[in-house]
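Chains, contacts and geometry: an overview
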Amino acid sequence: MAELPESLSEIVEDFAAVEGQDKLQLLLEFSRELPGLPEHLEQAAMEPVPECQSPLFLSVDSADRDAVKLYFSAPPEAPTTRGFASILHQGLDGHSAQDILAVPDDFYLALGLGDAVSPLRLRGMSAMLSRIKRHVR
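Worth saying up front: this structure is predicted, and the values here are computed from it rather than measured.

1. Concerning the packing of aromatic side chains
Describing an aromatic ring pair means giving the distance of the ring centres and the angle of the ring planes. Using the criterion set out here, one finds two aromatic pairs in the structure. Plain terms: the ring middles of Phe15 and Phe30 are 5.8 Å apart, the flat faces sit at 25° to each other, and that makes the pair stacked. In this pair, Phe15 sits in helix α1 (residues 6-16) while Phe30 sits in helix α2 (residues 21-32), placing the two residues 15 residues apart along the sequence. Among the residues examined, Phe15 registers a relative accessible area of 0% and is labelled buried. You can call Phe30 buried: its relative accessible area is 5%. Taking the centre distance of 6.5 Å and the plane angle of 85° together, the rings of Phe107 and Tyr108 count as edge-to-face. Residue classification places Phe107 among the buried positions, given a relative accessible area of 0%. A relative accessible area of 14% places Tyr108 in the buried class.

About the thresholds
Residues numbered from 1 in each chain as written. Predicted model: local features only at pLDDT ≥ 70, side-chain atom pairs only at ≥ 80, totals over all residues. Heavy atoms only, no water. Phe/Tyr/Trp six-rings, centres within 6.5 Å; stacked < 30°, edge-to-face > 60°. Helix = DSSP H or I, 4+ residues; strand = E, 2+ residues; numbered from the N terminus. Buried < 20%, exposed > 50% of the residue type's maximum accessible area, 1.4 Å probe, protein only.

In structure tokens form, the structure reads like this:
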């Protein structure tokens with residue numbers, strides 16, 4: 001996927017390198033790596049993403065179009081949602097608005113999680129990316 005920023009492309013490659021339950025284990029590892037919110041940001045001020053099966057909130061700071069900042073909040077008991085948020089954070093945080101807008105809307109299919117995660121959960125990841133793109137437009 002040539003359209004992906006290098007950091008997101010590397011994540012896709014990591015998922016492509018593992019099979020079956022190992023993909024879920026990798027997603028769980030990502031969920032543990034989702035950073036907490038900075039002190040200046042409260043969940044109440046963030047946008048909810050109701051398409052996610054678990055509560056997820058995001059905030060996009062695109063004041064610097066060359067280095068967009070992404071913030072996510074999801075409960076620890078929602079590892080799939082947290083994992084998706086962490087993938088987007090690690091793959092896109094700090095990238096330019098142009099790079100983010102160039103990411104294919106269905107890039108998450110390349111993660112190969114279709115057999116391990118429900119379509120509803122995958123739709124949540126798609127919704128996160130769509131909202132991020134809407135904010136940077």
